[in-house]
Every structure is written in C-alpha cells, then in structure tokens.
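Report on the structure
Okay, here's what each chain looks like letter by letter:
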Amino acid sequence: MRVPSAARFLIISPRPKEFMPTERKYREEIVRYGRMLHQRGFVAAMDGNLSVRLKDDRILVTPTCVSKGGMKPSDMVIVDLEGERVLGHRNVTSEIGMHLLIYRTRPDVQAIVHAHPPTATGFAAAGVPLTEPLVCEVVMGLGCIPLARYGTPGTSELAQTLEPYVPNYDAILMSNHGVVTYGDTLEHAYMKMETVEHFAEIALVTHLLGRQQPLQQGEIEKLMLARTKYFGAKAATMPMPVASEKVS
Ligand SMILES: [Zn+2]
C-alpha cells in the first residue's frame, strides 16, 4: 500500500512537545515544588531555582525571569554538565553554575532547590550560621547548616563560596542571599528547604527569649547514630560542631 509522503513524515518524526515519561514527571515535579516555594513565601518575584539530574549527564532546570509560582512543564531548560543548553526555548537560570558544582561534587545528588526563605535568609544576612544543636530532628536530618561567605549572584564566585561545604552538608546558608538544599529526589531537596526555614524560625524564638538550651554532646552522638540507621551510608556526613565551635 502506498503511504502518502506526509503520513510517512508523521511516522518517523517525534512531536517536539512530547517528553519521555520520566522527564515529563520531573517537569511536573519542578512546577509543583516551585509553586509550593512561592505559596510559602520562600521566593518573591522571579527569585529561586530548581533542578533535577536526568540520565546522560543532562540537567533539567528552571529558566531565568519566571515566577516559580506560575511555571509550565514546557518552560524548563535542559543543559549539559558544562551549562550548555541542549533543549528549551528559554534562557537557563543565571545560578546554573551553583547547580553544576553540586552535581559534579556529589554524584548522589539528584535534585537541588535554591530559595530565599525570609527567616533563614535573615540569619544569612546577619552573618549567623544555623549551627546550634537546638532541635533533635534537625540534628538528625541535617546536622547543622553552615554559612558560606558572600559571592556575587550569577558569577563563578558564588559557586566557589559553596565549594568547601558541598561534600559534607545537604543545606547551606548563602551570606546576604538565601539557602540551597539538595537530595536524592526533588521532594527531599524541597523538604530540606522547609526544615531549614522552620529551624530558623525556632532559633529566632530562642534569640527573642534570650536563652538557648543546646543538646548535650552525648545526645547529639545518639542522634548521629540514628541518622546512619535511617539514611544509611548515602547521607552526607553533616558534622555537628561540639560545644561552642561554629561552622562558617
Ligand atoms: Zn538567589
């Protein structure tokens, strides 16, 4: 049977708007968690960015100049590990260098969230790391949250400031800027962002009350053991400072 030439073209040509099921799921997840960041006031205007590692060293990431509360799955950009765009009609986030540094340093990381939650960013703007062992579940889940020095957004300087902390921590305060969190799924990366902001609110209350009652070293060690049990060897070391030692 003769197949009309137009029909032959349809058979061999994939439609550009269709994505593979896994990629489509990740695009939808980025839309969902971007909306949650916006709804919770963790980002304003066009702030923040999210990404997911695809196979073959490709990164699916949010574009620049778009509200995280109103993205569509087709807005996302795909770049390679050098940051070169391989798919998408929008420009990639200017913070792509930070994402690439984390993916290159931590093969276990599959997703990254960057936002400016107001209380945690307040600590970052005050030059105060979230390193006091005040809440047991934060010690178990994140250890402490160090403060990286300031780096100009959109430049390689920003990634350099994070570099010393990326191997050992899953959440970092960025001086005078915001917070970055990452994990084995986008859901976990996002949850860590919520934990950081919630912990910052609790730490702020202890400052308002004028006193803090940090966990004792023996209790911290028990929590570290529990972390290994729950998260296994995949967890970053996320050391806790002892006594009054500060990480920053
Ligand atoms: Zn930012």
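This one's a predicted model, so the numbers in the text were calculated from it and none came from an experiment.

Another point: the packing of helix 2 (residues 21-39) against helix 7 (residues 186-209). Two elements in contact, helix 2 and helix 7, have axes separated by 10 Å at closest approach and are oriented at 10°. As judged from the angle between their axes, helix 2 and helix 7 are roughly parallel. Counted together, Glu29, Ile30, Tyr33, Met36 and Leu37 of helix 2 and Leu186, Glu187, Tyr190 and Met193 of helix 7 form the full contact between these two elements.

Moving on, we come to the packing of aromatic side chains. A ring pair, where both rings are aromatic, is described by two values, the distance of the centres and the angle of the planes. Taken as a whole and assessed by the stated rule, the structure comprises 2 aromatic pairs. Summarising the aromatic geometry, the rings of tyrosine 33 and tyrosine 190 are spaced 5.2 Å apart at their centres and angled 35° between planes, so their arrangement reads as tilted. Here tyrosine 33 is found in helix 2, whereas its partner tyrosine 190 is found in helix 7, with 157 residues between them in sequence. Comparing tyrosine 33 with tyrosine 190 shows no difference in burial state: the two are buried.

In this model, the second largest pocket occupies a volume close to 200 Å³. Lining the second largest pocket, in full, are Met20, Thr22, Glu23, Tyr26, Leu54, Lys55, Asp56, Arg58 and Ile78. A total of 3 residues in the lining of the second largest pocket trace back to one element, the largest contributor, which is helix 2. When its residues are assigned to classes, the lining of the second largest pocket shows 4 nonpolar, 1 polar and 4 charged.

In this section: the sheet that holds strand 4 (residues 85-87). Here we have 8 strands laid out as an open sheet, ordered 4-3-2-1-5-8-7-6, and mixed in their pairing. Pairing within the sheet leaves two strands with one partner each, and these edge strands are strand 4 and strand 6 (147-148). Of the strand pairs in this sheet, strand 1 (residues 49-53) and strand 2 (residues 58-61) are connected by 3 bridges, and their pairing is antiparallel. Its bridge partner being in strand 2, arginine 53 is matched across the sheet by isoleucine 59.

Let us now look at unusual backbone geometry. In this structure, aspartate 56 is a non-glycine residue whose phi angle is positive, near 60°. Of note in this structure, aspartate 57 is not a glycine but carries a positive phi near 55°. Here aspartate 57 lies in the loop between strand 1 and strand 2.

Taken together, the protein donors to the zinc ion comprise His114 (NE2), His116 (NE2) and His177 (NE2), at separations of 2.0 to 2.2 Å. The motif formed by the donor residues of the zinc ion, counted along the single chain, is H-x1-H-x60-H. Note that histidine 114 is positioned in strand 5 (residues 111-115) and histidine 177 in the loop between strand 7 (171-174) and strand 8 (178-183), a separation of 63 residues in sequence. Accessibility assignment for this pair places histidine 114 and histidine 177 in one class, buried.

Cut-offs used in this document
Residues numbered from 1 in each chain as written. Predicted model: local features only at pLDDT ≥ 70, side-chain atom pairs only at ≥ 80, totals over all residues. Heavy atoms only, no water. Axes fitted to C-alpha atoms, helices over the stretch in contact; angles between N-to-C directions. Helix = DSSP H or I, 4+ residues; strand = E, 2+ residues; numbered from the N terminus. Parallel < 35°, antiparallel > 145°, perpendicular 65-115°, else oblique. Contact = heavy atoms within 4.5 Å. Phe/Tyr/Trp six-rings, centres within 6.5 Å; stacked < 30°, edge-to-face > 60°. Buried < 20%, exposed > 50% of the residue type's maximum accessible area, 1.4 Å probe, protein only. 1 Å grid on protein atoms, 1.4 Å probe; cavity = no way out; pocket = protein on both sides within 12 Å on 5 of 7 lines; lining within 4 Å. Points joined across faces, edges and corners; volume = space filled by probe spheres on them. Nonpolar A, V, L, I, M, F, W, Y, C, P; charged D, E, K, R; others polar. Pairing = 2+ DSSP bridges. Donors = N, O, S within 2.8 Å, 3.2 Å for Na, K, Ca; no water.

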